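Chain by chain, the residues:
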Amino acid sequence: MTNSEEATVAAAVFGAVCAKADAASCAQRSLARANTEAKNELLNAIADALDAHADDIAGANELDMIESRESGMDAGKLDRLKFDVPRVAAAAAGVRHVATLPDPIGEIVRGYSLPNGLRLQQQRVPLGVIGMIYEARPNVTVDVASLCLKSGNAAILRGGHAAERTNAATLAVIRGMLESHGFDAALVDTVDGYGRAGATAMMEARGHIDVLVPRGGAGLIQAVVRNSKVPVIETGAGNVHIYVDRSGDLAKAIPIIINAKTQRVGVCNAAEKLLVHRDIAETFLPIAARALADANVALRADEAAYGIIAGGEGIDLSRATDEDWDTEYLALTMGVKVVDSLDEAIEHINRHSTGHTESIIAEDYPAIERFTAGVDSAVVMVNASTRFTDGGVFGFGAELGISTQKMHARGPMGLREMTTTKWIGYGTGQVRA
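Residues numbered from 1 in each chain as written. Predicted model: local features only at pLDDT ≥ 70, side-chain atom pairs only at ≥ 80, totals over all residues. Heavy atoms only, no water.

### Describing the sheet that holds strand S4 (residues 154-158)
Selection rule: DSSP bridges decide pairing: two strands pair if at least two such bridges lie between them. Strands are runs of DSSP state E lasting at least two residues, helices are runs of H or I lasting at least four, and both sets are numbered from the N terminus onward. To get an axis, a line is fitted to the C-alpha atoms, and for a helix only the part in contact is used. The angle between two axes follows their N-to-C directions and goes from 0 to 180 degrees. Residue contacts are defined here by distance: any two heavy atoms, one from each residue, within 4.5 Å place the two residues in contact.
Read from one edge of the open sheet, four strands run S5-S4-S3-S6, paired in parallel fashion. The open sheet has two edge strands, strand S5 (188-190) and strand S6 (211-215), and neither has a second partner. For this sheet, the mean angle separating the axes of adjacent strands, direction not counted, is 20°. Judged from the five bridges that link them, strand S3 (residues 129-134) and S6 form a sheet pairing that is parallel. Counterpart to glycine 131 in the pairing with S6 is leucine 212. Contacts between helix H1 (residues 3-31) and the sheet are confined to S3, S4 and S5, with S4 contributing the most and set at about 155° to the helix.

So this is what it looks like as C-alpha coordinates:
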(Lines give C-alpha, C1' and ligand atoms only; values in the text may rest on other atoms or scores of the structure.)
Protein backbone atom coordinates (compact mmCIF):
# COMPACT_ATOMS: atom_id res chain seq x y z
CA MET A 1 0.00 0.00 0.00
CA THR A 2 1.39 3.42 -0.96
CA ASN A 3 1.68 6.28 1.50
CA SER A 4 -1.21 7.99 -0.22
CA GLU A 5 -3.39 4.91 0.08
CA GLU A 6 -2.46 4.51 3.75
CA ALA A 7 -3.38 8.12 4.40
CA THR A 8 -6.74 7.62 2.67
CA VAL A 9 -7.50 4.55 4.79
CA ALA A 10 -6.44 6.33 7.98
CA ALA A 11 -8.67 9.29 7.16
CA ALA A 12 -11.61 6.97 6.53
CA VAL A 13 -11.06 5.16 9.83
CA PHE A 14 -10.71 8.45 11.68
CA GLY A 15 -14.01 9.64 10.22
CA ALA A 16 -15.75 6.40 11.15
CA VAL A 17 -14.42 6.46 14.72
CA CYS A 18 -15.41 10.10 15.17
CA ALA A 19 -18.89 9.26 13.89
CA LYS A 20 -19.18 6.49 16.50
CA ALA A 21 -17.98 8.85 19.21
CA ASP A 22 -20.44 11.55 18.14
CA ALA A 23 -23.30 9.04 18.18
CA ALA A 24 -22.16 7.96 21.63
CA SER A 25 -22.10 11.57 22.77
CA CYS A 26 -25.65 12.12 21.57
CA ALA A 27 -26.81 8.96 23.34
CA GLN A 28 -24.91 9.96 26.48
CA ARG A 29 -26.84 13.19 26.81
CA SER A 30 -30.02 11.14 27.01
CA LEU A 31 -28.50 8.68 29.48
CA ALA A 32 -27.40 11.57 31.71
CA ARG A 33 -31.06 12.40 32.24
CA ALA A 34 -32.02 8.83 33.19
CA ASN A 35 -32.90 8.24 36.80
CA THR A 36 -31.07 5.81 39.04
CA GLU A 37 -33.88 3.26 39.02
CA ALA A 38 -33.82 2.98 35.22
CA LYS A 39 -30.04 2.61 35.16
CA ASN A 40 -30.09 -0.07 37.84
CA GLU A 41 -32.83 -1.98 36.04
CA LEU A 42 -30.69 -1.92 32.90
CA LEU A 43 -27.62 -3.16 34.75
CA ASN A 44 -29.47 -6.04 36.36
CA ALA A 45 -30.85 -7.01 32.97
CA ILE A 46 -27.34 -6.97 31.50
CA ALA A 47 -26.11 -9.20 34.34
CA ASP A 48 -28.94 -11.68 33.75
CA ALA A 49 -28.22 -11.69 30.02
CA LEU A 50 -24.50 -12.32 30.61
CA ASP A 51 -25.39 -15.32 32.74
CA ALA A 52 -27.84 -16.55 30.12
CA HIS A 53 -25.25 -16.26 27.34
CA ALA A 54 -22.21 -17.35 29.37
CA ASP A 55 -21.71 -20.48 27.26
CA ASP A 56 -21.69 -18.46 24.03
CA ILE A 57 -19.21 -15.94 25.43
CA ALA A 58 -16.99 -18.68 26.85
CA GLY A 59 -17.10 -20.50 23.51
CA ALA A 60 -15.91 -17.40 21.69
CA ASN A 61 -13.22 -16.97 24.31
CA GLU A 62 -11.98 -20.51 23.82
CA LEU A 63 -11.35 -19.73 20.15
CA ASP A 64 -9.40 -16.62 21.17
CA MET A 65 -7.46 -18.68 23.72
CA ILE A 66 -6.52 -21.34 21.17
CA GLU A 67 -5.32 -18.79 18.65
CA SER A 68 -3.34 -16.86 21.25
CA ARG A 69 -1.80 -20.01 22.70
CA GLU A 70 -0.72 -21.14 19.24
CA SER A 71 0.78 -17.72 18.53
CA GLY A 72 2.97 -18.01 21.63
CA MET A 73 1.20 -15.73 24.12
CA ASP A 74 2.80 -16.09 27.56
CA ALA A 75 1.03 -17.62 30.55
CA GLY A 76 0.38 -14.30 32.28
CA LYS A 77 -1.44 -12.80 29.30
CA LEU A 78 -3.32 -16.04 28.67
CA ASP A 79 -4.59 -15.88 32.25
CA ARG A 80 -5.89 -12.33 31.67
CA LEU A 81 -7.46 -13.38 28.36
CA LYS A 82 -9.36 -16.29 29.89
CA PHE A 83 -13.10 -15.56 30.16
CA ASP A 84 -14.72 -18.90 30.85
CA VAL A 85 -18.16 -19.48 32.37
CA PRO A 86 -17.06 -18.87 35.99
CA ARG A 87 -15.36 -15.64 35.01
CA VAL A 88 -18.39 -14.49 33.04
CA ALA A 89 -20.49 -15.25 36.11
CA ALA A 90 -18.09 -13.23 38.27
CA ALA A 91 -18.33 -10.34 35.83
CA ALA A 92 -22.13 -10.51 35.93
CA ALA A 93 -22.01 -10.47 39.73
CA GLY A 94 -19.87 -7.35 39.49
CA VAL A 95 -22.50 -5.68 37.31
CA ARG A 96 -25.15 -6.48 39.91
CA HIS A 97 -22.95 -5.01 42.61
CA VAL A 98 -22.51 -1.81 40.60
CA ALA A 99 -26.30 -1.58 40.45
CA THR A 100 -26.45 -1.54 44.27
CA LEU A 101 -23.95 1.29 44.65
CA PRO A 102 -24.97 4.91 45.22
CA ASP A 103 -25.42 6.87 42.01
CA PRO A 104 -22.80 9.63 41.99
CA ILE A 105 -24.60 11.78 39.42
CA GLY A 106 -26.14 14.86 41.02
CA GLU A 107 -24.24 14.38 44.27
CA ILE A 108 -23.48 17.73 45.90
CA VAL A 109 -19.75 17.94 46.55
CA ARG A 110 -19.98 21.25 48.39
CA GLY A 111 -22.20 24.28 48.55
CA TYR A 112 -22.42 27.64 50.28
CA SER A 113 -23.85 31.12 49.89
CA LEU A 114 -21.94 34.28 49.10
CA PRO A 115 -22.50 37.42 51.20
CA ASN A 116 -24.77 38.77 48.45
CA GLY A 117 -27.06 35.76 48.74
CA LEU A 118 -25.89 33.94 45.60
CA ARG A 119 -26.09 30.24 46.45
CA LEU A 120 -23.37 28.04 44.91
CA GLN A 121 -23.39 24.27 44.51
CA GLN A 122 -20.76 22.00 43.04
CA GLN A 123 -22.25 18.74 41.83
CA ARG A 124 -21.08 15.59 40.09
CA VAL A 125 -21.79 15.12 36.39
CA PRO A 126 -20.63 12.49 33.85
CA LEU A 127 -17.33 12.86 32.03
CA GLY A 128 -19.10 12.20 28.70
CA VAL A 129 -17.60 9.78 26.18
CA ILE A 130 -14.88 7.60 27.69
CA GLY A 131 -12.53 5.77 25.34
CA MET A 132 -10.82 2.58 26.55
CA ILE A 133 -7.83 0.98 24.83
CA TYR A 134 -6.95 -2.36 26.41
CA GLU A 135 -5.49 -5.72 25.48
CA ALA A 136 -6.38 -9.35 26.21
CA ARG A 137 -8.68 -8.39 29.09
CA PRO A 138 -12.29 -9.27 28.15
CA ASN A 139 -13.53 -8.69 31.71
CA VAL A 140 -12.74 -5.01 31.14
CA THR A 141 -15.47 -4.89 28.50
CA VAL A 142 -18.07 -5.73 31.15
CA ASP A 143 -16.50 -3.60 33.88
CA VAL A 144 -16.27 -0.48 31.75
CA ALA A 145 -19.76 -0.86 30.32
CA SER A 146 -21.37 -1.26 33.75
CA LEU A 147 -19.46 1.61 35.35
CA CYS A 148 -20.07 3.93 32.40
CA LEU A 149 -23.78 3.23 32.29
CA LYS A 150 -24.25 3.72 36.04
CA SER A 151 -22.24 6.97 36.01
CA GLY A 152 -24.05 8.34 32.94
CA ASN A 153 -21.14 7.98 30.51
CA ALA A 154 -20.83 6.44 27.06
CA ALA A 155 -17.96 4.08 26.17
CA ILE A 156 -15.96 3.58 22.99
CA LEU A 157 -13.84 0.42 23.29
CA ARG A 158 -10.76 -0.95 21.58
CA GLY A 159 -10.21 -4.35 23.15
CA GLY A 160 -7.41 -5.69 21.01
CA HIS A 161 -7.10 -8.50 18.47
CA ALA A 162 -6.42 -11.27 21.00
CA ALA A 163 -9.86 -10.95 22.61
CA GLU A 164 -11.80 -9.84 19.53
CA ARG A 165 -14.24 -12.77 19.41
CA THR A 166 -14.84 -12.64 23.17
CA ASN A 167 -15.44 -8.92 23.16
CA ALA A 168 -17.78 -9.16 20.18
CA ALA A 169 -19.89 -11.83 21.91
CA THR A 170 -19.97 -9.83 25.14
CA LEU A 171 -20.85 -6.56 23.46
CA ALA A 172 -23.64 -8.23 21.50
CA VAL A 173 -25.28 -9.12 24.82
CA ILE A 174 -24.78 -5.66 26.34
CA ARG A 175 -25.94 -3.74 23.28
CA GLY A 176 -28.95 -6.02 22.95
CA MET A 177 -30.01 -5.17 26.50
CA LEU A 178 -29.53 -1.45 25.84
CA GLU A 179 -31.90 -1.57 22.90
CA SER A 180 -34.49 -3.75 24.64
CA HIS A 181 -34.61 -1.29 27.56
CA GLY A 182 -35.09 1.77 25.39
CA PHE A 183 -31.49 3.02 25.38
CA ASP A 184 -29.35 3.73 22.35
CA ALA A 185 -26.88 0.93 21.62
CA ALA A 186 -24.37 3.64 20.64
CA LEU A 187 -23.76 4.10 24.38
CA VAL A 188 -21.35 1.16 24.29
CA ASP A 189 -19.55 0.71 20.99
CA THR A 190 -16.32 -0.77 19.67
CA VAL A 191 -13.69 0.11 17.11
CA ASP A 192 -12.17 -3.38 17.10
CA GLY A 193 -13.18 -3.82 13.47
CA TYR A 194 -10.67 -1.15 12.44
CA GLY A 195 -7.69 -2.85 14.08
CA ARG A 196 -4.78 -0.73 15.24
CA ALA A 197 -5.96 2.10 13.02
CA GLY A 198 -9.02 2.32 15.25
CA ALA A 199 -6.86 2.83 18.33
CA THR A 200 -4.84 5.50 16.53
CA ALA A 201 -8.04 7.27 15.51
CA MET A 202 -9.28 7.23 19.12
CA MET A 203 -6.07 8.93 20.23
CA GLU A 204 -6.60 11.65 17.63
CA ALA A 205 -10.32 12.17 18.27
CA ARG A 206 -10.01 15.23 20.47
CA GLY A 207 -13.36 16.97 20.68
CA HIS A 208 -15.18 13.71 20.00
CA ILE A 209 -13.90 11.53 22.87
CA ASP A 210 -13.69 13.33 26.22
CA VAL A 211 -11.10 11.18 27.98
CA LEU A 212 -9.02 8.16 27.03
CA VAL A 213 -7.97 5.40 29.43
CA PRO A 214 -5.30 2.86 28.38
CA ARG A 215 -5.18 -0.40 30.32
CA GLY A 216 -2.53 -3.01 29.70
CA GLY A 217 1.23 -3.38 29.64
CA ALA A 218 3.71 -0.55 30.01
CA GLY A 219 4.26 -0.35 26.24
CA LEU A 220 0.58 0.16 25.47
CA ILE A 221 0.08 2.69 28.24
CA GLN A 222 3.10 4.79 27.31
CA ALA A 223 2.21 4.70 23.60
CA VAL A 224 -1.19 6.20 24.40
CA VAL A 225 0.24 8.75 26.84
CA ARG A 226 2.83 9.91 24.31
CA ASN A 227 0.63 10.00 21.22
CA SER A 228 -2.87 10.89 22.35
CA LYS A 229 -4.38 14.27 21.58
CA VAL A 230 -7.31 13.31 23.81
CA PRO A 231 -6.82 13.85 27.57
CA VAL A 232 -5.53 10.62 29.14
CA ILE A 233 -6.04 9.09 32.57
CA GLU A 234 -2.86 7.08 32.94
CA THR A 235 -3.29 3.64 34.44
CA GLY A 236 -0.14 1.97 35.61
CA ALA A 237 1.94 -0.99 34.90
CA GLY A 238 2.72 -2.62 38.21
CA ASN A 239 6.35 -2.75 39.29
CA VAL A 240 5.09 -3.59 42.76
CA HIS A 241 7.29 -3.92 45.87
CA ILE A 242 7.08 -5.68 49.22
CA TYR A 243 9.46 -4.44 51.91
CA VAL A 244 10.13 -6.63 54.95
CA ASP A 245 11.28 -4.40 57.78
CA ARG A 246 13.55 -5.55 60.59
CA SER A 247 10.48 -5.35 62.86
CA GLY A 248 8.42 -7.53 60.53
CA ASP A 249 6.60 -10.64 61.70
CA LEU A 250 8.30 -13.20 59.48
CA ALA A 251 5.47 -15.71 59.94
CA LYS A 252 3.12 -13.16 58.35
CA ALA A 253 5.59 -12.22 55.65
CA ILE A 254 5.88 -15.56 53.85
CA PRO A 255 2.14 -16.08 53.11
CA ILE A 256 1.82 -12.44 52.05
CA ILE A 257 4.77 -12.66 49.65
CA ILE A 258 3.61 -15.96 48.13
CA ASN A 259 0.07 -14.68 47.66
CA ALA A 260 1.19 -11.36 46.20
CA LYS A 261 3.58 -13.02 43.76
CA THR A 262 1.82 -16.22 42.71
CA GLN A 263 -1.96 -16.00 43.10
CA ARG A 264 -2.18 -14.45 39.62
CA VAL A 265 1.12 -13.61 38.00
CA GLY A 266 -0.20 -11.70 34.99
CA VAL A 267 -1.96 -8.88 36.83
CA CYS A 268 -0.71 -5.39 37.66
CA ASN A 269 -1.03 -5.78 41.43
CA ALA A 270 1.18 -8.87 41.59
CA ALA A 271 4.39 -8.26 43.54
CA GLU A 272 7.53 -8.06 41.41
CA LYS A 273 10.21 -7.04 43.92
CA LEU A 274 11.11 -8.11 47.46
CA LEU A 275 13.20 -5.78 49.63
CA VAL A 276 14.55 -7.10 52.95
CA HIS A 277 16.21 -5.18 55.76
CA ARG A 278 19.82 -6.24 56.27
CA ASP A 279 19.30 -6.94 59.99
CA ILE A 280 17.01 -9.88 59.22
CA ALA A 281 18.26 -10.88 55.77
CA GLU A 282 20.48 -13.77 56.93
CA THR A 283 17.58 -15.31 58.84
CA PHE A 284 14.68 -14.49 56.56
CA LEU A 285 15.97 -14.72 53.00
CA PRO A 286 16.76 -18.46 52.98
CA ILE A 287 13.23 -19.17 54.23
CA ALA A 288 11.64 -16.79 51.73
CA ALA A 289 13.75 -18.11 48.85
CA ARG A 290 12.77 -21.69 49.65
CA ALA A 291 9.06 -20.80 49.79
CA LEU A 292 9.28 -18.92 46.48
CA ALA A 293 11.24 -21.74 44.84
CA ASP A 294 8.60 -24.22 45.98
CA ALA A 295 6.09 -21.98 44.16
CA ASN A 296 8.29 -22.14 41.00
CA VAL A 297 9.40 -18.51 41.28
CA ALA A 298 12.78 -17.63 39.77
CA LEU A 299 14.81 -15.08 41.74
CA ARG A 300 16.91 -12.20 40.40
CA ALA A 301 19.01 -11.08 43.36
CA ASP A 302 21.41 -8.24 44.12
CA GLU A 303 24.90 -9.20 45.37
CA ALA A 304 23.97 -9.24 49.05
CA ALA A 305 20.83 -11.33 48.52
CA TYR A 306 22.62 -13.61 46.06
CA GLY A 307 25.33 -14.35 48.62
CA ILE A 308 22.76 -15.32 51.23
CA ILE A 309 20.52 -17.42 48.96
CA ALA A 310 23.19 -19.13 46.81
CA GLY A 311 23.57 -22.81 47.49
CA GLY A 312 19.93 -23.44 48.27
CA GLU A 313 18.89 -26.65 46.56
CA GLY A 314 16.49 -26.32 43.65
CA ILE A 315 16.38 -22.50 43.69
CA ASP A 316 16.39 -20.76 40.30
CA LEU A 317 18.74 -17.92 41.21
CA SER A 318 20.65 -15.42 39.11
CA ARG A 319 22.19 -12.01 39.63
CA ALA A 320 19.93 -9.03 39.00
CA THR A 321 20.86 -6.47 36.37
CA ASP A 322 20.09 -2.76 36.51
CA GLU A 323 17.16 -3.41 34.17
CA ASP A 324 15.57 -5.85 36.62
CA TRP A 325 14.70 -3.13 39.12
CA ASP A 326 12.49 -1.38 36.54
CA THR A 327 10.92 -4.50 35.04
CA GLU A 328 7.32 -5.62 35.47
CA TYR A 329 7.82 -9.35 34.93
CA LEU A 330 4.18 -10.55 34.80
CA ALA A 331 5.73 -13.98 35.27
CA LEU A 332 6.98 -16.30 38.00
CA THR A 333 10.06 -14.14 38.50
CA MET A 334 10.91 -11.85 41.40
CA GLY A 335 13.69 -9.37 42.07
CA VAL A 336 15.26 -9.56 45.55
CA LYS A 337 17.33 -6.85 47.21
CA VAL A 338 18.86 -6.31 50.65
CA VAL A 339 18.58 -2.74 51.96
CA ASP A 340 20.44 -1.17 54.87
CA SER A 341 17.53 0.87 56.18
CA LEU A 342 13.89 1.81 55.88
CA ASP A 343 14.93 5.03 54.19
CA GLU A 344 16.89 3.10 51.55
CA ALA A 345 13.82 0.94 50.89
CA ILE A 346 11.66 4.04 50.43
CA GLU A 347 14.23 5.68 48.17
CA HIS A 348 14.60 2.55 46.02
CA ILE A 349 10.84 2.13 45.67
CA ASN A 350 10.26 5.76 44.72
CA ARG A 351 13.01 5.56 42.11
CA HIS A 352 11.93 2.31 40.46
CA SER A 353 8.22 1.86 41.18
CA THR A 354 5.51 2.61 38.65
CA GLY A 355 3.50 4.19 41.46
CA HIS A 356 0.94 1.40 41.67
CA THR A 357 1.05 -0.52 44.98
CA GLU A 358 3.66 -1.20 47.64
CA SER A 359 3.48 -3.17 50.90
CA ILE A 360 5.42 -3.09 54.16
CA ILE A 361 5.71 -6.01 56.56
CA ALA A 362 6.43 -4.42 59.94
CA GLU A 363 5.28 -4.30 63.55
CA ASP A 364 7.04 -1.05 64.48
CA TYR A 365 4.44 1.71 64.22
CA PRO A 366 6.86 4.59 63.54
CA ALA A 367 8.40 2.53 60.70
CA ILE A 368 4.94 1.90 59.25
CA GLU A 369 4.10 5.60 59.46
CA ARG A 370 7.36 6.61 57.76
CA PHE A 371 6.79 4.08 54.99
CA THR A 372 3.17 5.01 54.29
CA ALA A 373 4.04 8.72 54.32
CA GLY A 374 7.26 8.39 52.31
CA VAL A 375 6.27 5.99 49.52
CA ASP A 376 4.79 7.86 46.57
CA SER A 377 2.40 5.27 45.15
CA ALA A 378 -1.35 5.16 44.64
CA VAL A 379 -1.85 2.41 47.22
CA VAL A 380 0.25 1.37 50.21
CA MET A 381 -0.57 -1.83 52.08
CA VAL A 382 0.53 -2.61 55.63
CA ASN A 383 0.99 -6.28 56.54
CA ALA A 384 -1.22 -7.31 53.63
CA SER A 385 -0.91 -8.63 50.08
CA THR A 386 -0.64 -6.21 47.19
CA ARG A 387 -3.32 -8.27 45.43
CA PHE A 388 -5.99 -6.35 47.34
CA THR A 389 -5.53 -3.31 45.08
CA ASP A 390 -8.60 -3.89 42.96
CA GLY A 391 -11.80 -1.98 42.39
CA GLY A 392 -13.96 -5.01 43.11
CA VAL A 393 -12.14 -5.74 46.35
CA PHE A 394 -12.35 -2.07 47.36
CA GLY A 395 -16.13 -2.31 47.02
CA PHE A 396 -16.50 -0.53 43.67
CA GLY A 397 -18.15 -3.53 41.99
CA ALA A 398 -15.70 -3.15 39.12
CA GLU A 399 -12.98 -0.74 38.08
CA LEU A 400 -12.15 1.39 35.08
CA GLY A 401 -8.49 0.78 35.88
CA ILE A 402 -5.94 1.70 38.52
CA SER A 403 -4.72 5.23 38.04
CA THR A 404 -1.09 5.96 38.85
CA GLN A 405 -1.29 9.63 37.98
CA LYS A 406 -1.94 12.44 40.44
CA MET A 407 -4.68 14.35 38.64
CA HIS A 408 -8.40 13.81 39.21
CA ALA A 409 -8.20 10.13 40.18
CA ARG A 410 -5.57 7.94 41.83
CA GLY A 411 -5.75 4.24 42.63
CA PRO A 412 -8.69 2.01 41.64
CA MET A 413 -11.23 4.02 39.66
CA GLY A 414 -14.89 3.41 40.37
CA LEU A 415 -18.06 5.41 39.82
CA ARG A 416 -16.98 8.68 41.47
CA GLU A 417 -13.72 8.68 39.52
CA MET A 418 -15.78 8.58 36.32
CA THR A 419 -17.39 11.92 37.06
CA THR A 420 -16.34 15.53 36.88
CA THR A 421 -18.14 18.44 38.51
CA LYS A 422 -19.88 21.62 37.53
CA TRP A 423 -20.92 24.64 39.54
CA ILE A 424 -24.49 25.93 39.64
CA GLY A 425 -25.22 29.38 41.00
CA TYR A 426 -28.75 30.13 42.28
CA GLY A 427 -29.47 33.84 42.40
CA THR A 428 -32.31 36.20 42.97
CA GLY A 429 -31.23 38.94 40.59
CA GLN A 430 -27.67 39.62 41.85
CA VAL A 431 -25.29 41.55 39.60
CA ARG A 432 -21.57 42.01 40.16
CA ALA A 433 -20.53 45.50 41.13
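### A word on the pattern of salt bridges
Put simply, the rule reads: Salt bridge criterion: a side-chain nitrogen from Lys or Arg within 4 Å of a carboxyl oxygen from Asp or Glu. Burial classes follow relative accessibility: with a 1.4 Å probe on protein chains only, a residue under 20% of its type's maximum area counts as buried, one over 50% as exposed, and anything between as partly exposed.
Applying the stated criterion across every chain, the model contains 26 salt bridges. Salt-bridge contacts for arginine 96 lead to aspartate 48; the nearest nitrogen and oxygen are separated by 2.9 Å. Linking arginine 96 in helix H5 (residues 85-100) with aspartate 48 in helix H2 (residues 36-52), this pair joins segments that are 48 residues apart in sequence. Using a relative accessible area of 27% as the deciding quantity, one classes arginine 96 as partly exposed. Aspartate 316 serves as the salt-bridge partner of arginine 300, at 3.9 Å between the closest nitrogen and oxygen. Pair noted here: arginine 300 is in strand S9 (residues 298-301) and aspartate 316 is in the loop between helix H12 (303-309) and strand S10 (317-319), with a separation of 16 residues, a long-range link. Overlapping salt bridges, with partners in common, bring together Lys20, Arg175 and Asp189 in one network.

### Quick look at the pairing of strand S12 (residues 357-361)
For clarity, the threshold we go by: The definition of a right-handed crossover adopted here requires that, viewed with the strands pointing away, the path from the first strand over the helix to the second runs clockwise.
Summarising burial for S12: five of the five residues are buried, a large majority. Residues Thr357, Ser359 and Ile361 point to one face of S12 and Glu358 and Ile360 to the other, with burial holding for every one of them. By the bridge criterion, four bridges tie strand S7 (residues 240-244) to S12 in an arrangement that is parallel. When the bridges of S12 are listed, histidine 241 appears paired with glutamate 358. Direction of pairing for S12 relative to strand S13 (residues 379-382): parallel, over a ladder of four bridges. What sits directly across from glutamate 358, in S13, is valine 380. On the question of chirality, the crossover connecting S12 to the parallel S13 by way of helix H14 (residues 365-374) is right-handed.

### A closer look at unusual backbone geometry
Of note in this structure, alanine 136 is not a glycine but carries a positive phi near 50°. Along the chain, alanine 136 falls in the loop between S3 and helix H6 (138-150). Classification of alanine 136 by relative accessible area gives buried; the value is 5%. Not every positive phi belongs to a glycine, and leucine 330 is a case in point at roughly 50°.

### Some thoughts on the side chain of asparagine 269
Defined as follows: Two N or O atoms form a polar contact when they lie within 3.5 Å of each other; inside protein one atom must be a possible hydrogen donor and the other a possible acceptor, and for residues adjacent in sequence the pair counts only when both atoms belong to side chains.
By the secondary structure assignment, asparagine 269 is in the loop between helix H10 (250-262) and strand S8 (271-277). Looking at asparagine 269, its side chain comes within polar contact range of the main-chain oxygen of threonine 389, at 2.8 Å. In contact with asparagine 269, not counting residues within four places along its chain, are Val240, Ala260, His356, Thr386, Arg387, Thr389 and Asp390.

### Looking at the domain arrangement of the chain
Convention followed: Domain start and stop points were drawn from an automatic or database domain assignment. Defined here as a combined quantity, buried area equals the accessible surface (1.4 Å probe) lost by two parts on assembly, summed across both.
By the assigned domains, the chain splits into domain 1 (9-235 + 410-426) and domain 2 (241-394). When each unit is reduced to the centre of its C-alpha atoms, the spacing between domain 1 and domain 2 is 33 Å. Summed over both partners, the interface of domain 1 with domain 2 buries about 810 Å², with 52% contributed by carbon and sulfur atoms. Taken as a group, Arg80, Arg410 and Pro412 account for 56% of the area that domain 1 buries against domain 2, more than any other trio of residues on that side. Linking domain 1 with domain 2 are two salt bridges.

### Thoughts on the packing of H2 against H5
Quick note on the threshold: In this scheme, roughly parallel covers angles under 35 degrees and roughly antiparallel covers those over 145, while 65 to 115 is roughly perpendicular and the rest are oblique.
Between H2 and H5, the shortest axis-to-axis distance is 8 Å and the interhelical angle comes to 170°. By the angle between their directions, the pair H2 and H5 is classed as roughly antiparallel. Contacts between H2 and H5 involve Asn40, Leu43, Asn44, Ala47, Asp48, Leu50 and Asp51 from the first element and Val88, Ala89, Ala92, Val95, Arg96, Val98 and Ala99 from the second.

### Considering the nonpolar core
The test is simple: Put simply, a nonpolar core is a bunch of buried Ala, Val, Leu, Ile, Met, Phe, Trp, Tyr and Cys residues held in one set by side-chain atoms that sit within 4.5 Å of each other.
Membership of the largest hydrophobic core comes to 69 residues, with the highest contact counts inside it found for Leu50, Leu149, Leu187 and Val188. If we skip the residues at most four places from it in the chain, leucine 50 touches Ile57, Val88, Ala92, Val95, Val142, Thr170 and Val173. Core analysis: the next-biggest nonpolar cluster, separate from the first, contains 32 residues, Ala253, Val276, Leu299 and Leu317 among them.

### Here we look at the packing of helix H3 (residues 54-70) against helix H7 (residues 164-180)
Definition in use: Handedness of a crossing follows from how the near helix is turned relative to the far one, being left-handed for an anticlockwise turn of less than a right angle and right-handed for a clockwise one. Side-chain classes follow a simple rule in which Ala, Val, Leu, Ile, Met, Phe, Trp, Tyr, Cys and Pro form the nonpolar group, Asp, Glu, Lys and Arg form the charged group, and the remainder, Gly included, forms the polar group.
Between H3 and H7, the shortest axis-to-axis distance is 7 Å and the interhelical angle comes to 165°. For the element pair H3 / H7, the angle class is roughly antiparallel. Classified by chirality, the crossing of H7 by H3 is left-handed. Here Ile57, Ala60, Asn61, Leu63, Asp64 and Glu67 of H3 come into contact with H7, specifically with Glu164, Arg165, Thr166, Ala169, Thr170 and Val173. Of the residues assigned to the contact of H3 with H7, the class counts are five nonpolar, three polar and four charged.

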